[in-house]
Amino acid sequence: MTDTHRDRRALVLFSGGQDSSVCLAWALARYDHVETVGFDYGQRHAVEMTARQVVREALAARFPAWASRLGPDHLIDLTGFGAIAETAMTAERAFEVTDKGLPSTFVPGRNLVFLTYGAALADRRGVRDLVGGMCETDFSGYPDCRRDTIEALEQALNLGMAQDFRIQTPLMSLTKAETWALSKALGGEALVELICEESHTCYRGERGVRHDWGHGCGDCPACELRAKGWDGWVAQGRPELTA
């Protein structure tokens, strides 16, 4: 496989949440062939495993130009890793700030593990670009979402695997309000509605209540961040993100 061909392919780390759904749309708008990979690490909000497939199918159905670009989905079992972490993401614990000053929802090394497994899969699939929804601008305080972390890992993966991977993080410098604006720029109100209705972010895994910004409990850290971004975007007049 030539380097030119590899440049037209991407692997998206895809949880089925708002950020990864926007990243999937971003990749489909830019690459000829896009595959997705998800990780089952025993997360409390296991409903995202179902949301992943719903979002993929909805994107293909509602955006025909993207359907032909959407390749296979891969699911990797990381339940052993999740058991080691024992955080509020994998066990019945309160959402709070720990003694280390980090949210109890922080799973140590999660993005490092995800990207390492993703790179191994990308190597086998002949893909150069890994796409992730990490963001350091408007996030939950996770150190593995920082640009420095991602750049360091990219270098380590390329050194350790004799590769030339590129980790693309289109949301890295965006606020949550700007992420909504990017959704509209990529797919108009149709994509905004799809993400509201089908993506899942709530840490408690609740799907019953439908807020303006989507389904969720409304008071976990993920719901609060998503709602805050929505309110900010709406207050601005629901603009599209401009370059």
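Look above for the structure.
Values in this document were obtained by computation on a predicted structure and should not be read as measured data.

Caption draft 1: Region of interest: helix α2 (residues 18-28). Of all 11 residues in α2, 11 are buried, a share of seventy percent or more. Where α2 is concerned, the buried positions are Gln 18, Asp 19, Ser 20, Ser 21, Val 22, Cys 23, Leu 24, Ala 25, Trp 26, Ala 27 and Leu 28.

Caption draft 2: Structural detail: the sheet that holds strand β2 (residues 33-40). Within the open sheet, the five strands sit side by side as β3-β2-β1-β4-β5. Their pairing is parallel. Strand pairing shows two members of the sheet lacking a second neighbour, β3 (70-77) and β5 (166-168), which therefore form its edges. Each adjacent strand pair in this sheet contributes to an overall mean axis angle of 25 degrees, direction not counted. Pairing between β2 and β3: six bridges, direction parallel. Paired with Val 34 across the strands is Leu 70, a residue of β3. Against the sheet, α2 makes contact with β1 (9-13), β2, β3, β4 (129-131) and β5, and its axis sits at roughly 175 degrees relative to β1, the strand it touches most.

Caption draft 3: Spotlight on the packing of aromatic side chains. Using the criterion set out here, one finds seven aromatic pairs in the structure. Cluster of aromatic residues (ring-pair linked, three or more members): Phe 39, Tyr 41 and Phe 114.

Caption draft 4: The arrangement of the pairing of β1 in detail. For β1, a buried count of five out of five residues is recorded, marking the element as mostly surrounded by other parts of the structure. Every second residue of β1 is oriented toward a common face, with Arg 9, Leu 11 and Leu 13 on one face and Ala 10 and Val 12 on the other, all of them buried. The pairing of β1 with β2 spans five bridges and is parallel. When the sheet's bridge partners are listed, Val 12 is paired in β2 with Thr 36. Considered for its hand, the β-α-β crossover made up of β1, α2 and β2 is right-handed. Relative to β4, β1 is paired through three bridges, and the arrangement is parallel. Each residue of the ladder has a partner; that of Ala 10, found in β4, is Asp 129.

Caption draft 5: Layout of the packing of helix α3 (residues 48-62) against helix α8 (residues 176-198). Where α3 contacts α8, the axes come no closer than 10 Å and their chain directions differ by 160 degrees. Taken together, the axis directions place α3 and α8 in an arrangement best described as roughly antiparallel. In this structure, α3 meets α8 at a crossing whose hand is right-handed. Note on element contacts: α8 touches α3 through Ala 190, Leu 191, Leu 194 and Glu 198, opposite Ala 51, Val 54, Val 55, Ala 58, Leu 59 and Arg 62.

Caption draft 6: Looking closely at the state of the cysteines. Scanning all chains against the criterion turns up zero disulfides. Cysteine Cys 202 shares no disulfide, and the gap to the nearest cysteine sulfur, in Cys 217, comes to 3.6 Å. The buried category is assigned to Cys 202, whose relative accessible area is 0%.

Caption draft 7: Local environment of the side chain of Thr 149. Residue position: Thr 149 is located in helix α7 (residues 147-161). Of note is the side chain of Thr 149, whose polar atom sits 2.9 Å from the backbone oxygen of Pro 143.

Caption draft 8: Focus on the environment of Leu 13. Considering the arrangement of structural elements, one finds Leu 13 in strand β1. Leu 13 sits 105 residues away from Gly 118 along the chain, and the two C-alpha atoms are 7.3 Å apart. Once you skip the residues sitting within four places of it in the chain, Leu 13 turns out to touch Ser 20, Val 37, Phe 39, Phe 114, Leu 115, Val 131 and Met 134.

Analysis parameters
- Residues numbered from 1 in each chain as written.
- Predicted model: local features only at pLDDT ≥ 70, side-chain atom pairs only at ≥ 80, totals over all residues.
- Heavy atoms only, no water.
- Buried < 20%, exposed > 50% of the residue type's maximum accessible area, 1.4 Å probe, protein only.
- Helix = DSSP H or I, 4+ residues; strand = E, 2+ residues; numbered from the N terminus.
- Pairing = 2+ DSSP bridges.
- Axes fitted to C-alpha atoms, helices over the stretch in contact; angles between N-to-C directions.
- Contact = heavy atoms within 4.5 Å.
- Phe/Tyr/Trp six-rings, centres within 6.5 Å; stacked < 30°, edge-to-face > 60°.
- Right-handed = clockwise from strand over helix to strand, strands pointing away.
- Parallel < 35°, antiparallel > 145°, perpendicular 65-115°, else oblique.
- Left-handed = near helix turned anticlockwise from the far one by under 90°.
- Disulfide = S-S within 2.5 Å.
- Polar contact = N/O pair within 3.5 Å; in protein donor to acceptor, adjacent residues only side chain to side chain.

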